[in-house]
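# Survey of secondary and tertiary structure
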Amino acid sequence: MKTVLTIAGSDSSGGAGIQADIKTITAHGLYATSAITALTAQNTTGVYGIMEVTPEFLENQLDCIFKDIYPDAVKIGMVSSAALIEVIADKLKVYKARHIVVDPVMVSTSGSRLLAEDASETLIRNLIPLAQVITPNIPEAEALCGADIKSVGDMERAAVKIAGFTKGAVLIKGGHNLNDANDLLYEAGTLEWLNGDRIDNPNTHGTGCTLSSAIACGLAKGSTLPESVKAAKSYISGALRANLNLGHGSGPLNHMFDI
Ligand SMILES: Nc1ncnc2c1ncn2[C@@H]1O[C@H](COP(=O)(O)OP(=O)(O)O)[C@@H](O)[C@H]1O
Ligand SMILES: Cc1ncc(COP(=O)(O)OP(=O)(O)O)c(N)n1
């Protein structure tokens, strides 16, 4: 069986982070392993606390996984500090990890910082260059390229600029646009728009985590990056259409639908 390792934070409400990743990987028929970077006290209305693991403990988790159940792909989500980012980058190099998908989680949609301000530089310098693809949403892409994104042209310019300091591809997610859900993939000098209908569902907690894990599943199975991204987008649409309504805020996706 193919396996996918998720390196991310725990979301106590089960909608994002490690919990979303494990549900997604399982729904794709793959085996999920995990290395937890932080616990969050979180629900559909916001993030109320963060407790990071120590760099030594993260190192221990990664050694345990890589030495025993070597992953076919790795997804990286919330990593809040520079010290933890450095541990991950070192271990990915030591174990020659393949098919790395980095979701550069910075701020939750509810407005809480999930990446320390002084850690952005380490993320850009140490982790992003190891990724086959990075998957920023619009605010994250703005932070990475240092410019506002207000139009389709801005999104295209941002993708090209961000690709200048990644060694791999860039997928800018369009979930924060109000009229559509069009994502933009920039790979090997080519821009490809992946258009999606905007689904009228306010329960979008964990869409970014789910998308990046689903992409890792496609890559683990041997699909190309564009194939993996298209299949992942279709998975997100299915999970949004399946229309779960839990909690008092932006609720989680419904992973219990036929892929
Ligand atoms: N209402 C929606 N309808 C259809 N697709 C959506 C919707 N909201 C988000 N998506 C899709 O979910 C994925 C994650 O996007 P986004 O919400 O921008 O990421 P994040 O959760 O990191 O902020 C993208 O493929 C995006 O197009
Ligand atoms: C533990 C944890 N990791 C990541 C996120 C952010 O989730 P994401 O799917 O990127 O976006 P929103 O759910 O914030 O729209 C999180 N909240 N918690």
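Residues numbered from 1 in each chain as written. Chains lettered and ligands numbered in written order. Predicted model: local features only at pLDDT ≥ 70, side-chain atom pairs only at ≥ 80, totals over all residues.

### Quick look at the overall build of the protein chain
- In terms of helices and strands, the protein chain carries eight helices and nine strands.
- For the protein chain, whose C-alpha radius of gyration is 17 Å, the value lies close to the compact-globule estimate of 18 Å for 259 residues.
- When the backbone C-alpha atoms are referred to their principal axes, the protein chain occupies close to 45 × 40 × 35 Å.
- Counting only residues that meet the buried cut, the protein chain has 50% of its 259 residues in that class.
- Summarising the internal contacts of the protein chain: among those between residues at least 6 apart in sequence, 68% fall at separations of at least 24. (Helix = DSSP H or I, 4+ residues; strand = E, 2+ residues; numbered from the N terminus. Rg over C-alpha atoms; globule rule 2.2 N^0.38 Å. Buried ≥ 20, exposed ≤ 12 C-beta atoms within 10 Å, placed from the backbone. Contact = placed C-beta atoms within 7 Å.)

### A short note on the environment of Val53
- Here Val53 shows up in the loop between β3 (46-52) and α2 (55-68).
- The spacing of Val53 and Ile88 is 35 residues in sequence and 13 Å in space, taken between C-alpha atoms.
- Sequence-distant contacts of Val53, defined by excluding residues within four places in its chain, comprise Ile36, Thr37, Ala38 and Leu58.

### Details of the site of ligand 1
- As a structural note, the neighbourhood of ligand 1 is formed by 20 residues, with Asn137, Lys173, Gly175, Ala181 and Gly208 the closest of them.
- Only α7 (207-220) and α8 (225-241) provide two or more residues apiece to the shell around ligand 1. (Near = placed C-beta within 6 Å.)

### Let's talk about the site of ligand 2
- Every one of the 19 residues lining ligand 2 counts as a neighbour, but Gly9, Ala16, Gly17, Thr109 and Gly208 are closest to it.
- For the shell around ligand 2, the elements supplying multiple residues, two or more each, are β1 (3-11), β2 (31-43) and α7.
- Grouping the constituent residues of the shell around ligand 2 by class yields six nonpolar, 12 polar and one charged. (Nonpolar A, V, L, I, M, F, W, Y, C, P; charged D, E, K, R; others polar.)

### Describing the nonpolar core
- Grouped together as the largest cluster of nonpolar side chains are 73 residues, with contacts concentrated most on Val4, Val74, Ile76, Ile88, Ile215 and Ala216.
- Element by element, the count of residues in this core is highest for α7, at eight residues. (Core = buried A, V, L, I, M, F, W, Y, C linked by C-beta atoms within 7 Å.)

### Examining the sheet that holds β2
- An order of β3-β2-β1-β4-β5-β6-β7-β8-β9 is seen for the nine strands of this open sheet, with the pairing classed as mixed. The sheet is open, and its two borders are formed by β3 and β9 (190-194), each paired with just one other strand.
- Two strands pair when backbone bridges link them, and β1 and strand β4 (residues 73-76) are joined in this way by four bridges, in the parallel orientation. Within β4, the position partnered with Val4 by the bridge is Ala73.
- Taken strand by strand, α2 contacts β1 and β2, and its axis lies near 155° from that of β2. (Pairing = 2+ DSSP bridges. Axes fitted to C-alpha atoms, helices over the stretch in contact; angles between N-to-C directions.)

### Description of the pairing of β2
- Both β1 and β2 contribute to a ladder of nine bridges, which runs parallel. Across the sheet, residue Ile7 finds its bridge partner in β2, namely Ala35.
- Note on the crossover from β1 through helix α1 (residues 17-27) to β2: the handedness is right-handed.
- With six bridges connecting them, β2 and β3 associate as antiparallel partners. Within β3, the position partnered with Ala41 by the bridge is Gly49.
- Counted between consecutive antiparallel strands, the loop separating β2 from β3 contains two residues. (Right-handed = clockwise from strand over helix to strand, strands pointing away.)

### Considerations on helix α3 (residues 82-94)
- Taking 1.5 Å per residue, 13 residues should reach 18 Å; α3 reaches 18 Å between its end C-alpha atoms and fits that length.
- Listing the buried residues of α3 in full gives Leu84, Ile85, Val87, Ile88, Ala89, Lys91 and Leu92.
- Remark: Lys96 follows α3 within two positions and exhibits a positive phi of approximately 50°. (Expected span 1.5 Å × (residues − 1).)

### Brief notes about the pairing of strand β7 (residues 169-172)
- Because side chains alternate across β7, one face comprises the buried residues Ala169 and Leu171, and the other comprises Val170 and Ile172, equally buried.
- As defined by bridge partners, strand β6 (residues 133-134) adjoins β7 across two bridges and the pair is classed as parallel. In the strand pairing of β7, Val133 is matched with Ala169.
- Here β7 pairs with strand β8 (residues 183-187) via three bridges, running antiparallel.

### Quick notes on the packing of helix α5 (residues 138-145) against helix α6 (residues 152-163)
- Packing of α5 against α6 brings their axes to within 9 Å, and their N-to-C directions diverge by 55°. Our classification of the angle between α5 and α6 gives oblique. In the packing of α5 onto α6, the handedness of the crossing is left-handed. Here Ala141, Leu144 and Cys145 of α5 lie close against α6, whose contacting residues are Ala158, Lys161 and Ile162.
- Grouping the constituent residues of the contact of α5 with α6 by class yields five nonpolar, no polar and one charged. (Parallel < 35°, antiparallel > 145°, perpendicular 65-115°, else oblique. Left-handed = near helix turned anticlockwise from the far one by under 90°.)

Keep in mind these values describe shape, not function.
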